[in-house]
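Here's the letter readout for the chains.
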Amino acid sequence: MSTALLTGLRPVVAHGLVRTFAARPVLDGLDLTVAPGTRLGLIGENGTGKSTLLRLLAGVDVPDAGTVAVPADLVYLPQEPEVDEGSTVGTMLDEALRPLHDAVRALEELAERMVREDVSAEYDEVLAWAIAHDAWDADRRAEVTAAVLGVADLDRSRLVGTLSGGQRTRLALAAALVRRPAVLLLDEPTNHLDDEALDLLERSLVELPGVVIAASHDRTFLDRVATELYDLDAGVLGTDGRGGRRFGGSFTEYLAAQADSRRRWEETFVAQQEEIAALRERTHVDLRSVAAGRGPTDNDKFITKFKGAGVERARARRVHDAERRLEVAEREALPKPPAPLRFAAPLTGGAATVSVRDLRVAGRLSLDLLDVDPGEKLLVTGPNGSGKSTLLAVLAGQVLPDAGSVQVGARRVATVTQDPEFARPDRPARDVYADAVGAAVAEAVPLRSLGLLHPRDHGTAVGALSVGQRRRLSLAIAVAVGPDLLLLDEPTNHVSLRLAGELEEALGAAAGTVVVTSHDRWLRSRWEGPALALAAP
Ligand SMILES: Nc1ncnc2c1ncn2[C@@H]1O[C@H](COP(=O)(O)OP(=O)(O)OP(=O)(O)O)[C@@H](O)[C@H]1O
Ligand SMILES: [Mg+2]
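Just so it is clear, the structure is predicted and the values come from calculations on it, not from any experiment.

A. Structural detail: the sheet that holds strand β10 (residues 353-361). The strand order β11-β10-β13 describes an open sheet built from 3 strands, whose pairing is antiparallel. Each edge of the open sheet carries a strand with a single partner, namely β11 (365-372) and β13 (403-409). Going from strand to strand, the sheet's axes swing by 15° on average, the running direction of each strand aside. Two elements, β10 and β11, share 7 bridges in a ladder whose sense is antiparallel. Paired with Val354 across the strands is Val372, a residue of β11.

B. Structural context of unusual backbone geometry. Phi is positive for Ala22, which is not a glycine, with a value near 45°. Even without a glycine there, the phi angle at Asp134 is positive, about 45°. Position of Asp134 relative to the elements: it lies in the loop between α4 (120-132) and α5 (138-148). Asp134 gets classed as partly exposed once you look at its relative accessible area, which sits at 29%.

C. Structural view of the side chain of Gln418. Within the secondary structure layout, Gln418 lies in the loop between β14 (413-416) and α13 (429-437). Its relative accessible area of 19% is what places Gln418 among the buried residues. Engagement of the side chain of Gln418 in a polar contact is seen with the side chain of Ser389, the distance being 3.3 Å. Other than its neighbours up to four places away in sequence, Gln418 contacts Asn191, His192, Ser389, Arg471, Asp489, Glu490 and Asn493.

D. Structural context of the packing of aromatic side chains. All chains considered together, the criterion is met by 1 aromatic pair. In this structure, Arg219 is placed above the aromatic ring of Trp522, and the distance from its NZ or CZ to the ring centre is 3.8 Å. Sitting above the plane of the Trp265 ring, Arg262 keeps its charged end 5.9 Å from the centroid.

E. Region of the structure containing the packing of helix α3 (residues 89-114) against α4. Running from N to C, α3 and α4 cross one another at 150°; their axes reach a closest spacing of 10 Å. In this view, α3 runs roughly antiparallel relative to α4, as classed from their interaxial angle. The two elements α3 and α4 meet at a crossing, and its hand is left-handed. On α4, the residues touching Pro99, Leu100, Ala103, Ala106, Leu107, Leu110, Ala111, Arg113 and Met114 of α3 are Ser120, Glu122, Tyr123, Val126, Leu127, Trp129 and Ala130. Of the residues that constitute the contact of α3 with α4, the class distribution is 13 nonpolar, 1 polar and 2 charged.

F. Inspection of the coordination of the magnesium ion (ligand 2) at higher detail. At this site the magnesium ion (ligand 2) is bound by Ser51 (OG) and Gln79 (OE1), with donor distances of 2.0 to 2.3 Å. Of this pair, Ser51 sits in helix α2 (residues 50-58) while Gln79 sits in the loop between β5 (74-77) and α3, placing them 28 residues apart in sequence. Since its relative accessible area comes to 16%, Ser51 is described here as buried. Residue classification places Gln79 among the buried residues on the basis of a relative accessible area of 14%.

G. Representation of the UniProt feature "domain: ABC transporter" (unreviewed entry) in the chain. Here, the residues flagged by UniProt with the feature "domain: ABC transporter" (unreviewed entry) are residues 12-259 and 341-535. Taken end to end, residues 341-535 is 29% helix and 24% strand, and its first and last C-alpha atoms sit 38 Å apart.

H. Expanded view of the sheet that holds strand β4 (residues 65-69). With respect to topology, 3 strands assemble into an open sheet ordered β2-β1-β4, the strand pairing being antiparallel. Either end of the sheet is taken by a strand with one partner, and the two such strands are β2 (24-34) and β4. Ignoring strand direction, the axes of neighbouring strands in this sheet form an average angle of 20°. Alignment of strand β1 (residues 12-21) against β4, held across 4 bridges, turns out to be antiparallel. Counterpart to Val18 in the pairing with β4 is Ala65. Those strands touched by α2 are β1, β2 and β4, and its axis lies near 125° from that of β1.

I. Quick look at the site of ligand 1. Looking at ligand 1, there are 19 residues lining it, with Lys50, Ser51, Thr52, Ser466 and Gly468 nearest. Arg24 places a polar side-chain atom, nitrogen or oxygen, 2.8 Å from an oxygen atom of ligand 1. Take Asn46: an N or O atom from its side chain is 2.9 Å from an oxygen atom of ligand 1. Burial of ligand 1 by the protein chains amounts to 86% of its free accessible area of 650 Å². When contributions to the shell around ligand 1 are tallied by element, the ones reaching two or more residues are β2, α2 and α15 (467-480). Its residues assigned to classes, the shell around ligand 1 shows 5 nonpolar, 11 polar and 3 charged. Both domains that furnish three or more residues to the shell around ligand 1 are identified here as domain 1 (3-235) and domain 3 (353-533).

Rules and cut-offs
- Residues numbered from 1 in each chain as written.
- Chains lettered and ligands numbered in written order.
- Predicted model: local features only at pLDDT ≥ 70, side-chain atom pairs only at ≥ 80, totals over all residues.
- Heavy atoms only, no water.
- Pairing = 2+ DSSP bridges.
- Helix = DSSP H or I, 4+ residues; strand = E, 2+ residues; numbered from the N terminus.
- Axes fitted to C-alpha atoms, helices over the stretch in contact; angles between N-to-C directions.
- Buried < 20%, exposed > 50% of the residue type's maximum accessible area, 1.4 Å probe, protein only.
- Polar contact = N/O pair within 3.5 Å; in protein donor to acceptor, adjacent residues only side chain to side chain.
- Contact = heavy atoms within 4.5 Å.
- Phe/Tyr/Trp six-rings, centres within 6.5 Å; stacked < 30°, edge-to-face > 60°.
- Lys NZ or Arg CZ within 6 Å of the ring centre and 35° of its normal.
- Parallel < 35°, antiparallel > 145°, perpendicular 65-115°, else oblique.
- Left-handed = near helix turned anticlockwise from the far one by under 90°.
- Nonpolar A, V, L, I, M, F, W, Y, C, P; charged D, E, K, R; others polar.
- Donors = N, O, S within 2.8 Å, 3.2 Å for Na, K, Ca; no water.
- UniProt positions renumbered as here; feature names shortened; annotations may be inferred.
- Near = heavy atom within 4 Å.
- Areas by Shrake-Rupley, 256 points an atom, 1.4 Å probe, with all protein chains shown as cover.
- Domains from an automatic or database assignment.

In structure tokens form, the structure reads like this:
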């Protein structure tokens, strides 16, 4: 038996995958093979089908056509953690450890039986599996992982459904890293992690011998973890000039290659269209001069007199030739490069002030002093649980402090929360927008004018939008009213790199006051304004 079979380390193979929603194919004949040892970064604009693909590979959704072959030893962590009503913190961690404990116990039993009977084949199989899963180190790993991911102190009897989204994500991630499956499918795994947790995640992934496929918009994560990238958004030229979606370099290198490919596409498109126009012109002009039943001009008469019917034949040949070339040129012409969505609306209206003294929210936040001047952009950082979101909720008036004073001088405050939820998931995006901002604003600032959600998706029910598209909609609602104080909670989570860059630009240009929380290493490293670092509770 080969070691690959023994360890369960086999490739993930998808063939001809098609998945269609509301008559629009999101995936249209996708082929993908990912070998063990490969860590594939799945990238692309919001709504291009990253989560859809992961769901198909995980077997929680079925394709309309095509096949998926994935080793059974698989763990899938969805973009929004699922609530398993029955399980507790303790059962989740125990279940991750059980197969590893079982393997170690089975090895001991097989070693004992070996003296009486030949069980060496079975022994080899379990041994290879245990090595690939580093089974002897499982308990130590569980301890370290739970501590770093901040789930060690959770009550083991607590129901998973009562945890916050971030806690649930970190618990599921801890269980997956302890378990070391042959295939790990991660959908935006970095959104709820602080620096220490990110570091642990990245180190753990790099050590896995199997397949890792991770959808992500996190540049630093992709640069550190991915051995290859797969772009669901790649234009017709791809990054290799032949429509390929796969890229074997770092993410930073990829961004340059992608920009290059887009430029070549635009140039080729223009050149092809010019050639087509010229050929059309030629067939048109020549056609006119050989048109049947048309009296010859004086000039034609003159030429015909000297050269006879040969001229007519040559002209007909030329027309025929141009027609053929036109046909080929039209057939091979690249489609027009689609104009990307572009967010360039002002973020804020007027400007606000904030003044905080001796603020306490029991168990969540403690902040002695904060002053934010009109028009200031403040970055709030801090580890998981340091109270970043709580601070925004207090400034928005949604959470009342237990002690201290909070003064916000603003006519309008708008918040983009970390995981926006919409009360009516069945309502189309455009109606949700209009309800939230009011008819007058919806007319003055139509959703399409903001460049955040593709018009194609305006009629989609908000519950069916991708996670990034939902965040884009909630950003649209926040900026449409022109707030004096804009509160952005982790604005780069789930949103494409393009939008992250555009947001950065918009922040620089905004007249109003903005408070931003972020753990995004990219955003933080580029931040030039004032910053407030909250300490762990
Ligand atoms: N049940 C559904 N009905 C209609 N459209 C759907 C449904 N599920 C997904 N879609 C659409 O399919 C597209 C792909 O969604 P998917 O969640 O796979 O995108 P994604 O690449 O993961 O985006 P993100 O970066 O925001 O996470 C989106 O345009 C979404 O609106
Ligand atoms: Mg997604």
